[in-house]
2 protein chains.
Amino acid sequence: MSEEGARAFGGAGNLAHRVPDLGALELLLAVARLGSLGAAAREVGITQPAASSRIRSMERQLGVALVDRSPRGSRLTDAGALVTDWARRIVEAAEAFDAGAQALRDRRDSRLRVAASMTIAEYLLPGWLLALRAERPDTAVSLLAGNSAAVAQRLLSGEADLGFVEGVDVPHGLDSAVIAHDHLIVVTAPGHAWARRRRPLAASELASTPLILREKGSGTRQVLDAALGGLARPLIELSSTTAVKAAVVSGAGPAVLSELAVREELAMRRLVRVPVEGVALARDLRAVWPTGHRPTGPARGLLSLTRG
Amino acid sequence: MSEEGARAFGGAGNLAHRVPDLGALELLLAVARLGSLGAAAREVGITQPAASSRIRSMERQLGVALVDRSPRGSRLTDAGALVTDWARRIVEAAEAFDAGAQALRDRRDSRLRVAASMTIAEYLLPGWLLALRAERPDTAVSLLAGNSAAVAQRLLSGEADLGFVEGVDVPHGLDSAVIAHDHLIVVTAPGHAWARRRRPLAASELASTPLILREKGSGTRQVLDAALGGLARPLIELSSTTAVKAAVVSGAGPAVLSELAVREELAMRRLVRVPVEGVALARDLRAVWPTGHRPTGPARGLLSLTRG
DNA sequence: ATCGGGGCATAACCTGGGGTTATGAGCGAA
DNA sequence: TTCGCTCATAACCCCAGGTTATGCCCCGAT
């Protein structure tokens, strides 16, 4: 009955009851790759009966046969192949989570100490850390997230080896390299009138429409204000990107957000991008380090990963 | 010790031991949203002590304090906010998995029966199903995945209401609407010589280089052969997109793959896109239905979701 | 033909994580 | 004060998922 309640509210319901846990998904990927329950079991460090039962209960849970068992191996069924591909996305997200969490934990005595602004730490760093781990598995990385000023301070005080910031200005005392470009884009819920526009929105129209905004002082807000000439009209001000997204999705109004932050939502049509013209909403993402101290060693390794 | 083995091999190690399970992550998201352990507990349908202990053990596991508890509520710490954002990606992947799995399970007696080609079923459908569920929570959807011919057959025999195919030709007897464009792109491992090219690759160069390919007959292969004039030279032929990606990542050589299939890998720099010119590597993604039978009801709902 | 070994399943057992109820202890508002 | 909200602790329970021990099946090698 509390099931009903949860269901009725968010629509999310207890995912955990309907989706196999990470261990089971990893096991499934191993089976897919190795073609044998026993071999997969060995790889993930459990016994063959445990693997057998785990897969079986996953099939029960999903209501779909996943593997064809034969006396000389196991292959995925068609449905199994599909499920495995979907599972892989969960596992990849979990790997990124793990890489990030590990960096967050190892605050001290790491070989590479990174300081990054929130947007970069949220959306890009976990992927980079995974890539770095793949190349140099023994590099311990620590992560500190904060705004541009905090990043600069960490670098200058020697508490961090490499920094990442988004924004227009490079803090004093730091050298930088542009590693990517981020575009701020206008988004609305699919139901909003703007969602059906074909003609691009004019800057004046954007400036005169009340928007859902981050609080004054956030990087995103600064860029937007600058682009509009200091004029963005707030409909509401919220303190996190996530809150802004939630408000937009629920139809409260349009917002201007980083492309990075809404990639997922755009892909699954929870948000719609509104074309705009005549406004410079691009900003650089930069790696930064103390003037003169060119990154070396692991810092150089990470830096080179971040450039296409 | 088997831990060591797994570690040495894939580098993956037992993720499940280092990443909190889905239930814990959902709980964390609820805490973030509601600002109280008790409220979050109620939402996910457990008691307050259970939530308290769950969060605490998650903090132990990660080695990071996630929430600031006070007698009048709980707020995320800075690290907690970051972790929560990473967690959200896992949960979203899990939601997509769930939507897909549910559609796979409910083969019969669904209000909307969808047939889709593998690429679309893998990468796009789960997101659409989530969006559909958000709009019309009571629509039961079933999914059948197969190649274009199978999709056509299902539609014509009345076993499916709406189909999705990628490819150049629309099967006979079906009407279609283009819902998106997919680009095949050339990718290599970051270490490959092509990864550093600035000048686009010429078609002739691509045609004369041995590539990692899907087996003959796959949609991707067909488009590539057509674009090159029937010439793609195989270095190896593999039977799944996943296998091709793995081979490319490991440095075996370049491949031509759907943008959809490698979005993640590009984002985290496991693969690099190589610019190409003079080759038409675009293909349409189409919704299809039996000639005359314009989609209505839930099929129309899904169809409208898929168009930007 | 038969034996060995890889593959999977079943059975009986054990453990611990995560759930529950019951209770207590801060803190703020009425 | 006292209520009402927060979170924490304690004692208990259950079962999912692990283990070992075994058996069956099939194939290929002796």
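Provided above is the structure to which this section pertains.
A few points on the structure.

Conventions used here
Residues numbered from 1 in each chain as written. Chains lettered and ligands numbered in written order. Predicted model: local features only at pLDDT ≥ 70, side-chain atom pairs only at ≥ 80, totals over all residues. Heavy atoms only, no water. Near = heavy atom within 4 Å. Polar contact = N/O pair within 3.5 Å; in protein donor to acceptor, adjacent residues only side chain to side chain. Helix = DSSP H or I, 4+ residues; strand = E, 2+ residues; numbered from the N terminus. Nonpolar A, V, L, I, M, F, W, Y, C, P; charged D, E, K, R; others polar. Buried < 20%, exposed > 50% of the residue type's maximum accessible area, 1.4 Å probe, protein only. Arc of directions from axis to C-beta. Axes fitted to C-alpha atoms, helices over the stretch in contact; angles between N-to-C directions. Parallel < 35°, antiparallel > 145°, perpendicular 65-115°, else oblique. Left-handed = near helix turned anticlockwise from the far one by under 90°. Contact = heavy atoms within 4.5 Å.

Moving on, we come to the protein's contact with DNA strand D. As a matter of local geometry, DNA strand D sits amid 19 residues, with Thr-47 of chain A together with Leu-37, Ser-52, Arg-69 and Ser-74 of chain B nearest to it. Of what DNA strand D places within 4 Å of the protein, 70% of the atoms are sugar or phosphate. Note that a phosphate oxygen of DNA strand D is positioned 3.0 Å from one of the side-chain N or O atoms of Arg-54 of chain A. Within the backbone of Pro-71 of chain B, an N or O atom sits 3.2 Å from a sugar or linking oxygen of DNA strand D. Elements with a minimum of two residues in the surface near DNA strand D: helix 5 (48–62) of chain A together with helix 4 (37–44), helix 5 (48–62), strand 1 (67–70) and strand 2 (73–76) of chain B. Counting residues per element, the surface near DNA strand D draws most heavily on helix 5 of chain B, which supplies 4 residues. For the surface near DNA strand D, the class distribution of residues is 7 nonpolar, 8 polar and 4 charged.

What surrounds DNA strand C is a group of 20 residues, the closest being Ser-52, Arg-56, Arg-69 and Ser-74 of chain A together with Thr-47 of chain B. Within 4 Å of the protein, atoms of DNA strand C come from sugar and phosphate in 68% of cases. The contact in question runs from a base nitrogen of DNA strand C to an N or O atom on the side chain of Gln-48 of chain A, over 3.0 Å. At 2.6 Å from a phosphate oxygen of DNA strand C is found a side-chain nitrogen or oxygen belonging to Ser-74 of chain A. Mapped onto the surface near DNA strand C, the elements with two or more residues apiece are helix 4 (37–44), helix 5, strand 1 (67–70) and strand 2 (73–76) of chain A together with helix 5 of chain B. The element contributing the most residues to the surface near DNA strand C is helix 5 of chain A, with 4 residues. Looking at the surface near DNA strand C residue by residue, the classes come out as 7 nonpolar, 8 polar and 5 charged.

Quick look at helix 9 (residues 148–156) of chain A now. Residue and element names in this part refer to chain A. If you check which residues of helix 9 are buried, you get Val-151, Ala-152 and Leu-155. For helix 9, the angular spread of the buried residues around the axis is 100°, confining them to a single face. With its phi angle positive at about 80°, Gly-158 sits one or two positions after the end of helix 9.

We now examine the packing of helix 3 (residues 22–34) of chain A against helix 4 of chain A. Residues and elements named next belong to chain A. Viewed as axis vectors pointing N to C, helix 3 and helix 4 meet at an angle of 130°, and their least axial separation amounts to 8 Å. As judged from the angle between their axes, helix 3 and helix 4 are oblique. Handedness of the crossing formed by helix 3 with helix 4: right-handed. Together, Leu-27, Ala-30, Val-31, Arg-33 and Leu-34 of helix 3 and Leu-37, Ala-39, Ala-40, Ala-41, Glu-43 and Val-44 of helix 4 make up the contact between the two elements. Residues belonging to the contact of helix 3 with helix 4 are distributed by class as follows: 9 nonpolar, no polar and 2 charged.

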